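Letter by letter, the chains look like this.
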Amino acid sequence: MAQHNGKRLRVCCSWLIGLTRRLRLAMRGATLNVYKCLGNHFSSKWRNTVTDRASNNSLESQGIKTSATLLWNQGTAQLVEQAIARGEGVLAADGPLVVATGKHTGRSAKDKFIVRDSETENSVWWGKTNASMTPAHFANLKEDFLAALATKETLFVADLFGGSQPEHRVNVRVINELAWHSLFIKTLLVRPTADELAGFLPEFTIIDLPSFRADPERHGCRSETVIAANFTEKLILIGGTAYAGEMKKSVFGILNYKLPLDGVMPMHCSANIGADGTSAIFFGLSGTGKTTLSADASRTLIGDDEHGWSDTAVFNFEGGCYAKMIRLSPEAEPEIFATTKRFGTVLENVVIDPVTRQLDFDDNSLAENSRGSYPIDFIPNASEHNMGPVPKNIIMLTADAYGVLPPIAKLTPDQAMYHFLSGYTARVAGTEIGVTEPEATFSTCFGAPFMPRHPSVYGNLLKERIAKGGVSCWLVNTGWTGGKATMPGIKRMPIKATRALLNAALDGSLNNAEFRKDPNFGFEVPVAVDGVDSGILDPRGAWADKADYDVTAQKLVSQFIDNFAEFADHVDEGVRQAAPKAA
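The rules we used
Residues numbered from 1 in each chain as written. Predicted model: local features only at pLDDT ≥ 70, side-chain atom pairs only at ≥ 80, totals over all residues. Heavy atoms only, no water. Pairing = 2+ DSSP bridges. Helix = DSSP H or I, 4+ residues; strand = E, 2+ residues; numbered from the N terminus. Phe/Tyr/Trp six-rings, centres within 6.5 Å; stacked < 30°, edge-to-face > 60°. Lys NZ or Arg CZ within 6 Å of the ring centre and 35° of its normal. Polar contact = N/O pair within 3.5 Å; in protein donor to acceptor, adjacent residues only side chain to side chain. Contact = heavy atoms within 4.5 Å. Buried < 20%, exposed > 50% of the residue type's maximum accessible area, 1.4 Å probe, protein only. Salt bridge = Lys/Arg side-chain N within 4 Å of Asp/Glu carboxyl O.

1. Concerning the sheet that holds strand S20 (residues 371-375)
One open sheet accounts for 5 strands, arranged S2-S3-S17-S20-S16; its pairing is mixed. Each edge of the sheet is formed by a strand with only one pairing partner; in this case those strands are strand S2 (90-91) and strand S16 (320-324).

Here's what the structure looks like:
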């Protein structure tokens, strides 16, 4: 009987298991049908409302004709869905969209051109930074771009603002062939309200086509890649590169061209606000700590990269951030690291495990310049309005790989203009065998590639605003101490010391310190600061070989003097006298 009952129990269990499986399959099928119905419903609804977010000013009114389906001002979720469906990227485990940009993992500076015509002939600083394109070549390029647009099945159109202060912003329309590019630029620029979108009238238009291949002979460019700006037609054409930063920097170029005419100082800087309500701005080239040092949990972030300084405010040009991801850690940069676990963040060239979808920020096999873009409100202490009061402190950051500059120095207005026009930093030249010297980099205004006008235009604006506002100016070196970066055992300035010095400058306590005059550069250097090893405040004293320091310092001084020669005739005597002195 027991054996018989056991058999019946096994049959019963088998039947229950089978029934459970059938129920699960039925439920799964029903669920899929529900999702399918919902998907059809929402898809239909979205199709019907695509034009609801369109401006009353159509592409056709701009002379742009295409049979493509136009997806206007799409939301983040819609653009992520489009990007994944079109095979442009994948979702990481915690929600960000991960994409690869192909061979272009940074800006193509040598492929950037400005049309040289009656508008720009005498207003643009022509040379290696601002290369010229003839109106005829641009006409050919525009014709071919419009022909390429006409063949696209789908295009994404975003109407956005460059600039957070309404009286100084520019209306920009961006036309993309990639969904993730549209998501990127929507994230990075300032997003209009629904009411502002309805009557949006673009002043400038950017057409971004990574699939386009330029013809150097027909288009007057250098390669298949081209970024061409026409300030007369107010049109920018970007082709042959999937690096999204080209769009962001094109808008920066527009504002750098326009705003000085209104007396507004455009700046390649980050900015934040202290607990006392005063603002600080941070100038610095890549690798100097501009993003890291401005993302301070104790201060309110205005923005991390591009700003304007008007009579009444420091205002962010953007509505998002574009941070470096390589070797990002939760310990060093917790606020930025947290954005990599958010839906809506776009990660470029970050290595991802195809199975687990976990991210590896230490792997540079795709790019050293891996990037993350995210809305600024992903930073917990970001300013609600992307603006703050006019600054009380200016920080000029450098990463001196020669080990010559002190960790902090106080600058006069003339010295501030000198160092602003110099835009100095240095880096290790490379890892090749035999490389023993750092490489100096001078990028005027801390952003030469994005400054269409002569640097003296921006330098004089800065000097005027410093004098008018009684602003304190500081040079902060986040580079190496005790020797050149290429020497064995030489390390970078401790971040803890840099933050302590920076905090003392921003809260005003550093003004009460004892200072000495630097014999090479003439600026004031504190002798002692609470909480900071006094040994690093004297660069020469930190070197084991003092004679070697003296030789290296004079070499750097000579590089400063040689670099500044092209600006000497455009500044007053006070700025010329602020130059470092050769022995």
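Alright, that's what it looks like, and here's the rest.
2. Remarks on the packing of aromatic side chains
Within the structure shown, the criterion is met by 23 aromatic pairs. With centroids separated by 6.3 Å and ring planes inclined at 50°, the aromatic side chains of tryptophan 125 and phenylalanine 567 adopt a geometry described as tilted. Taken as a pair, tryptophan 125 in the loop between strand S4 (112-115) and strand S5 (131-133) and phenylalanine 567 in the loop between helix H14 (546-564) and helix H15 (573-577) lie far apart in primary sequence, 442 residues in all. Three or more aromatic residues link up through ring pairs in this structure, and these residues are Trp125, Tyr418, Tyr424, Phe442, Phe521, Phe523, Phe560, Phe564 and Phe567. Over the ring of tyrosine 322 we find arginine 371, and its NZ or CZ is 5.2 Å from the ring centre. Sitting over the face of the ring of tyrosine 257, arginine 453 holds its NZ or CZ atom 4.2 Å from the ring centroid.

3. A closer look at the side chain of serine 370
Along the chain, serine 370 turns up in the loop between strand S19 (359-360) and S20. A distance of 3.2 Å separates a polar side-chain atom of serine 370 from the backbone nitrogen of isoleucine 326. Apart from residues lying up to four places away in sequence, serine 370 is in contact with Ala323, Lys324, Met325, Ile326, Glu348, Asn349 and Val350.

4. So, the environment of leucine 366
Here leucine 366 is to be found in the loop between S19 and S20. Of the residues examined, leucine 366 reaches a relative accessible area of 43% and is grouped as partly exposed. Between the alpha carbons of leucine 366 and valine 350 there is a distance of 7.0 Å; along the sequence they are 16 residues apart. Filtering out sequence-adjacent residues up to four positions away, leucine 366 remains in contact with Thr105, Asn349, Val350 and Val351.

5. With respect to the pattern of salt bridges
Under the counting rule described, the total for this entry stands at 29 salt bridges. In this structure, lysine 249 and aspartate 305 form a salt bridge, with 2.8 Å as the shortest nitrogen-oxygen distance. Of the two residues, lysine 249 sits in helix H7 (residues 245-258) while aspartate 305 sits in the loop between strand S13 (300-303) and strand S14 (306-309), which places them 56 residues apart along the sequence. Like aspartate 305, lysine 249 is buried. The salt bridge involving arginine 499 is made with aspartate 296; its shortest N-O contact spans 4.0 Å. Placement of the pair is arginine 499 in helix H12 (residues 495-506) and aspartate 296 in the loop between helix H8 (290-294) and S13, with a sequence separation of 203 residues. Among the charged side chains, a network of salt bridges with common partners joins Lys248, Lys249, Lys290, Asp305, Glu306 and Glu318.

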